[in-house]
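# Results of the structural survey
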Amino acid sequence: MSEHHTHSIHVAGEWRTAASGATRDVLDPADATTLAVVAEGGAEDADAAIAAAREAFDNGQGEWPGTPVAERAALLRRVADLLQRDREALGLLESRDAGKTVEEGRVDVDCVTDAFRYFADLVVHESGGRVVDAGTPDVHSVVVHEPVGVCALITPWNYPLLQASWKIAPALAAGNTFVVKPSEITPLTTVALMRLLAEAGLPAGVANLVTGPGTTVGARMAEHPDVDLVSFTGGLVSGTKVMRAAADGVKKVALELGGKNPNVVFADACTTPEAFDTAVDQALNAAFIHSGQVCSAGSRLIVEESLRERFVAELARRADLVRLGRGTEPGVECGPLVSAQQLARTEEYVASALAEGAVLRAGGQRPTGPGLDDGWFYRPTVLDHCDRTMRIVREEVFGPVLTVETFRTEDEAVALANDTEYGLAGGVWSADAGRARRVARRMRHGTVWINDFHPYLPQAEWGGFGKSGIGRELGPAGLAEYRESKHVYQNLAPRPVRWFKG
């Protein structure tokens, strides 16, 4: 049974249809049926939303940029409380739209709640500026932070609510107005979040939403002269297009792009049955949470050669036992891929890997059985005997596929871990604390986990080296992305300079 959200474009406090009248079916990835119908916006809708955000920033009745920090923080906390009130409904909606398990959906809502509360605390506990010593009591000099202005926020399909909130919370905390464009594949929880922002009392025009494709709406947002900042999370190809589009306007740009993330396992991490079990379990989590559709997925297992056969055999055995199904069903551990396109992409990558010499140890096919035939499901896949000449080791798959490489020395492990054009995240497993820290220090990735994989903290920056992007989300730097610094220099005892003698 589909829901109709054709009034899914939010401009200046009002819900509306697309200017063209176009709509899009949002499909349920578990059975390919229509889950909802939303407005299919275009460049005209993007222009209207940007105009509303510009007006709200420059001349808005609510004067959001000038609202005291304590009031902005209070609104963020109200949003956090509303997210928890609606936790079950939002978690279920995220599960149905993105295909993840409902447990993952609930975790996403909790993480989003934490982000809103973190940025509320961060701005309210800051000082009024940084006093700069000018070397004389006759000068008062201070560096203050002001909002950038109108922000264009473009978010991906894999973590729709989370990625929108990582942008919206700091943008609002800093006093900006914005237009958000969720992925056209998974827009539903972003629409729901906009309703919560209004319920929390955000002035009309501060938050605007346009549903529609990146090729029209996203492209217009990135190039529009009235946009001051573009924050984009998504793939490398689209990210480079956003950067080019923003260049003529010399806008601030923040990009969180892909990753090809190494999970390095030393043999000394597996010397007891309990330690071995933990490392294998975490390698499964690293690669197959949300069917591998995670920018930080540990899709490259880099394991010490002496451990390889025992580790991979157990990993493959457990991968074959993963229960697939609709994410809302009890006991389901892994949902479908988000779209038919993503399924076809995963199949093509696995086929190319096998043609290049990889050895299939688990998965490698669509599952069959009740409730699985119509959806975009793919078995968790383990590919052994991989190397850096293979496309599947170099390129991001965004599917439930794990490749296995081996090393003999610590230096070789580091070289393999860094042998990627990306640099988002990675893990290292070792019982030797010194070795673990040495390897972590040498890994060129924005987040490195030691004896763990995937956790993040809202107070710690998130982002990547290399082609994984520029800028950071979360942490103090995540707030700084949405601010301009201004130096105010006040001469308390002005007098003539007499540089010119006339």
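These remarks concern the structure in this document. The model shown is predicted, which means the values in this text are computed figures rather than measured ones.

We now examine the side chain of Asp384. Mapping Asp384 onto the fold places it in strand β16 (residues 381-384). Among the polar contacts made by the side chain of Asp384, one reaches the side chain of Arg308 at a distance of 3.0 Å. What Asp384 contacts, discounting residues up to four positions off in sequence, is Arg308, Val312, Ala358, Val359, Arg361 and Val404.

As a further point, take helix α7 (residues 214-223). Turning to α7, its buried residues number three or more, namely Val217, Gly218, Met221 and Ala222. All buried residues of α7 fall inside an arc of 130° around its axis, so they share one side. Buried residues along α7 sit against α1 (43-59), β8 (150-154), β9 (177-181), β11 (229-233) and α8 (236-247).

What follows concerns the pattern of salt bridges. Oppositely charged side chains can pair when the atoms bearing their charge come close. Under the defined criterion, the tally for this structure stands at 35 salt bridges. As a salt-bridge pair, Asp58 and Arg54 come within 3.0 Å of each other at their nearest N and O atoms. Taken together, the residues Asp58 and Arg54, both in helix α1 and 4 residues apart, mark about one turn of the helix. With relative accessibility at 15%, the residue Arg54 sits in the buried group. Arg220 is the partner of Glu223 in a salt bridge, and the nearest nitrogen-oxygen pair spans 3.2 Å. Taken together, the residues Glu223 and Arg220, both in helix α7 and 3 residues apart, mark about one turn of the helix. Judged by relative accessible area, which is 22%, Arg220 ranks as partly exposed.

The next point concerns unusual backbone geometry. Phi angles above zero are rare outside glycine, and Val250 is one such case at about 50°. Along the chain, Val250 turns up in the loop between α8 and β12 (252-256). Assessed through its relative accessible area of 71%, Val250 is described here as exposed. Positive phi, close to 55°, is recorded for Ser291, a residue that is not glycine. Classification of Ser291 by relative accessible area gives buried; the value is 2%.

This next bit is on helix α3 (residues 87-98). An ideal rise of 1.5 Å per residue puts 16 Å on 12 residues; α3 measures up with 16 Å between its terminal C-alpha atoms. For α3, every residue scored as buried is listed here: Leu90, Gly91, Glu94, Ser95, Asp97 and Ala98. After α3 finishes, the residue Gly99 shows a positive phi value of roughly 90°.

Within the structure shown, the criterion is met by 9 aromatic pairs. Between Tyr118 and Phe119, the aromatic rings sit 5.1 Å apart at their centres with planes inclined by 70°, giving edge-to-face as the arrangement. Residue Tyr118 is classed as buried on the basis of its relative accessible area, which comes to 14%. With relative accessibility at 0%, the residue Phe119 sits in the buried group. Ring geometry for Trp449 versus Trp462: centroids 6.3 Å apart, planes at 45°, classification tilted. Here Trp449, found in strand β19 (residues 447-450), pairs with Trp462, found in the loop between β19 and β20 (469-470); they are 13 residues apart in sequence, far enough to count as distant. Residue Trp449 shares its accessibility class with Trp462, and that shared class is buried.

With that out of the way, let us pick up the sheet that holds β16. Spatially, 7 strands are ordered β15-β16-β17-β14-β13-β18-β19 in an open sheet, and the strand pairing comes out mixed. The open sheet has two free edges, formed respectively by β15 (359-362) and β19, since each of these has just one partner strand. Between one strand axis and the next, the sheet turns through 25° on average, direction left out of account. Alignment of β15 against β16, held across 3 bridges, turns out to be antiparallel. Along β16, the bridge assignment pairs Leu360 with Leu383. Strands β13 (262-265), β14 (300-304), β15, β16 and β17 (401-407) of the sheet are contacted by helix α10 (residues 308-321), whose axis makes an angle of about 55° with β15.

Further remarks concern the pairing of strand β4 (residues 23-27). Pairing of β4 with strand β5 (residues 34-39) involves 5 bridges; the strand directions are antiparallel. When the bridges of β5 are listed, Val26 appears paired with Ala36.

Thresholds, definitions, all that
- Residues numbered from 1 in each chain as written.
- Predicted model: local features only at pLDDT ≥ 70, side-chain atom pairs only at ≥ 80, totals over all residues.
- Heavy atoms only, no water.
- Helix = DSSP H or I, 4+ residues; strand = E, 2+ residues; numbered from the N terminus.
- Polar contact = N/O pair within 3.5 Å; in protein donor to acceptor, adjacent residues only side chain to side chain.
- Contact = heavy atoms within 4.5 Å.
- Buried < 20%, exposed > 50% of the residue type's maximum accessible area, 1.4 Å probe, protein only.
- Arc of directions from axis to C-beta.
- Salt bridge = Lys/Arg side-chain N within 4 Å of Asp/Glu carboxyl O.
- Expected span 1.5 Å × (residues − 1).
- Phe/Tyr/Trp six-rings, centres within 6.5 Å; stacked < 30°, edge-to-face > 60°.
- Pairing = 2+ DSSP bridges.
- Axes fitted to C-alpha atoms, helices over the stretch in contact; angles between N-to-C directions.

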